[in-house]
Amino acid sequence: TMSEPYSPNKSSFLPHLSVDNIVFGIIDGKLNVLVAEYKEGDAEGKKGLLGGWVGINENIDEAAKRLVRAITGENDFHMEQLRAFGAPNRYPLDRVITIAYYALVRPENYSFHAGFTASDVSWYPAKQLPPLIYDHNKLVDAALEQLKRKIRFEPIGFNLLPEKFTLLQLLEVYEAIWGVKLDKPNFRRKILKMNLLVDCQEKQKGVTHRAANYYRFDPIVYQKLCEHGFNFEF
């Protein structure tokens with residue numbers, strides 16, 4: 001079950017510190033954000049990010065992971081800290097500083113479920129979000145800008161893909177995050193030149209168009225690119 005996002009303070013939680021998670025996933029080639037609808041507390045009936053209080057004896061990073069795990073039931077996802085948001089009036093009842101994180105998940109792998117404080121959990125296109133509680137829309141905008149910068153220098157976009165993927169699916173990740181159309185032959189040439197992909201020697205099945213090759217990423221090359229970076233310009 002989901003831990004309490006915005007409920008009366010409990011003695012086991014820090015009263016003025018929360019974490020909020022911007023959970024991204026690619027659905028039908030579009031970048032989506034996971035949004036919860038809360039059913040109690042001051043956020044009752046409203047939509048917001050997956051957030052909650054930090055335990056008194058809890059590491060902040062672990063608090064963020066706990067909340068994502070509670071909704072997705074999974075441990076294997078890419079998560080990074082974005083930054084702190086602490087405007088004096090961002091939370092109506094008291095002064096609360098939140099540490100924002102963004103997570104990259106593969107929606108087809110997870111069965112999302114609401115917890116006892118959330119009545120519903122749904123995907124929304126990142127560019128068509130409903131009004132969210134507090135400053136959560138600003139948090140999403142900041143995470144989007146960070147993601148756009150990051151994928152130019154680190155191969156984190158692979159965390160949005162299934163284990164085996166086509167070059168078109170990889171192209172769609174970059175198009176979805178940057179919000180632009182890319183030249184397919186140029187993209188294919190550049191990505192293959194990086195020697196980041198391993199050909200699975202397997203083609204798509206049951207498709208009406210020409211079957212594409214499946215690839216997976218090379219974890220050793222991936223790790224090197226994460227450590228040293230690269231310049232992925234188109």
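Within each chain, residues carry numbers counting from 1 in the order of the written sequence. Side-chain atom pairs in this predicted model are given and counted only at pLDDT of 80 or more, local residue features only at pLDDT of at least 70, and totals for whole chains, interfaces and linings cover all residues. To obtain the side-chain values, all non-hydrogen atoms of the structure were used and water was disregarded.

Sorry if this is basic, but what is going on with the overall build of the chain here?
A helix here means a DSSP run of H or I that spans at least four residues, while a strand means a run of E at least two residues long, and both kinds are numbered starting from the N terminus. A tally of helices and strands in the chain yields five helices and nine strands. Helices (α) and strands (β) of the chain occur, in sequence order from the N terminus, as β-β-β-β-α-β-β-β-α-α-α-β-β-α. To sort residues, take the accessible area from a 1.4 Å probe on protein chains only and compare it with the maximum for the residue type: under 20% means buried, over 50% means exposed, and anything in between is partly exposed. Burial statistics for the chain: of 234 residues in total, 49% are counted as buried. By definition, residues are in contact when any of their heavy atoms lie within 4.5 Å. Taking all contacts inside the chain whose residues are at least 6 apart in sequence as the whole, residues at least 24 apart take part in 69%. Per-residue and other accessible areas follow the Shrake-Rupley method at a 1.4 Å probe size, with only the shown protein chains counted as cover for residues. Just so you have it, the chain exposes about 11900 Å², and 50% of that area is on carbon and sulfur atoms.

Explain the packing of aromatic side chains here, please?
Aromatic ring pairs are described here by two measures, namely the spacing of the ring centres and the angle between the planes. Planes of paired rings set the category: under 30 degrees apart is stacked, over 60 is edge-to-face and the rest tilted, where pairs are Phe, Tyr or Trp rings (Trp by its six-membered ring) whose centres lie within 6.5 Å. Using the criterion set out here, one finds six aromatic pairs in the structure. Relative to Y134, the ring of Y91 has its centre 5.1 Å away and its plane inclined at 75°; by these criteria the two rings are edge-to-face. With Y91 in the loop between strand 5 (78-85) and strand 6 (97-104) and Y134 in the loop between strand 7 (118-125) and helix 2 (136-153), this residue pair connects regions lying 43 residues apart in the sequence. Classification of Y91 as buried rests on a relative accessible area of 7%. Consider the rings of F158 and F217, whose centres lie 5.5 Å apart with planes at 65°: the pair is edge-to-face. Of this pair, F158 sits in the loop between helix 2 and helix 3 (167-178) while F217 sits in strand 9 (residues 213-217), placing them 59 residues apart in sequence. By relative accessible area, which is 24% here, F217 ends up partly exposed. A network of ring pairs unites the aromatic residues W53, Y91 and Y134 as a single cluster. Directly above the ring of F85 sits R83, whose terminal nitrogen or CZ lies 4.0 Å from the centroid. A ring is scored as having a charge over it whenever the NZ atom of a lysine or the CZ atom of an arginine sits within 6 Å of its centre and within 35 degrees of its normal. One cation-aromatic arrangement involves K164 over Y214; the distance from NZ or CZ to the ring centre is 5.9 Å.

Please clarify how the confidence of the model for the chain should be interpreted in this entry.
Caution applies to low-pLDDT regions: their predicted coordinates should not be interpreted in detail. Of all residues in the chain, 89% attain a pLDDT of 70 or more, and the chain-wide mean is 85. A residue's pLDDT is the predictor's confidence in that residue, given on a scale from 0 to 100. Taken together, the stretch residues 1-9 has pLDDT below 50 and engages in 41 contacts with residues farther than four places along the chain or on a different chain.

Just checking my understanding: could you explain the side chain of N159 for this structure?
Examined against the element boundaries, N159 turns out to sit in the loop between helix 2 and helix 3. For N159, a relative accessible area of 14% gives the class buried. Here I156 takes part through its backbone oxygen, which lies 2.8 Å from a polar atom of the side chain of N159. Not counting the four nearest positions on each side in its chain, N159 is found in contact with H78, L104, V105, R106 and Y222. Counted as a polar contact is a pair of N or O atoms within 3.5 Å, where, for protein atoms, one must be capable of donating a hydrogen and the other of accepting one, and residues adjacent in sequence contribute only when both atoms are in side chains.

For this particular structure, what's the right way to read helix 5 (residues 219-228)?
Since the α-helix advances by 3.6 residues per turn, residues separated by three or four positions end up pointing in the same direction. Two or three places before I220, at the opening of helix 5, D218 has a side-chain oxygen 2.9 Å from that residue's backbone nitrogen. With its phi angle positive at about 75°, G229 sits one or two positions after the end of helix 5.

Can you help me understand the nonpolar core in this one?
Across soluble globular proteins, you tend to see nonpolar side chains buried next to one another. Buried Ala, Val, Leu, Ile, Met, Phe, Trp, Tyr and Cys residues that are joined via side-chain atoms within 4.5 Å together make up what is termed a nonpolar core. Membership of the largest hydrophobic core comes to 45 residues, with the highest contact counts inside it found for I22, F24, L31, V33, Y102, L147 and L170. For this core, the elements supplying multiple residues, two or more each, are strand 1 (13-27), strand 2 (30-38), strand 5, strand 6, helix 2, helix 3, helix 4 (184-193) and helix 5.

Would you mind going over the pattern of salt bridges with me for this structure?
Opposite charge on two side chains permits them to pair, given that their charged atoms come into close proximity. Every case where a carboxyl oxygen of Asp or Glu lies within 4 Å of a side-chain nitrogen of Lys or Arg is listed as a salt bridge. Counted under the stated rule, the structure contains nine salt bridges. Between R90 and D20 there is a salt bridge; the shortest N-O distance is 4.0 Å. Here R90, found in the loop between strand 5 and strand 6, pairs with D20, found in strand 1; they are 70 residues apart in sequence, far enough to count as distant. Here R90 and D20 have matching classes, each one buried. Notably, a salt bridge pairs R90 with D135, separated by 2.8 Å at the nearest N-O pair. A residue pair is termed long-range when its members are at least 10 positions apart, and R90 in the loop between strand 5 and strand 6 and D135 in the loop between strand 7 and helix 2 qualify at 45 residues. With relative accessibility at 11%, the residue D135 sits in the buried group. What you see here is one network of salt bridges that share partners, running through D20, R90 and D135.

Please clarify how helix 2 should be interpreted in this entry.
Over its 18 residues, helix 2 extends 26 Å from the first C-alpha to the last, a length consistent with the 26 Å expected when each residue adds 1.5 Å. Buried within helix 2 are the following residues: H136, L139, V140, A142, A143, L144, Q146, L147, K148, K150 and I151. Turning to helix 2, the residues buried within the fold contact strand 1, strand 2, strand 3 (47-48), strand 5, strand 6 and helix 3. Here the expected length of a helix is defined as 1.5 Å per residue gap, with one fewer gap than residues.

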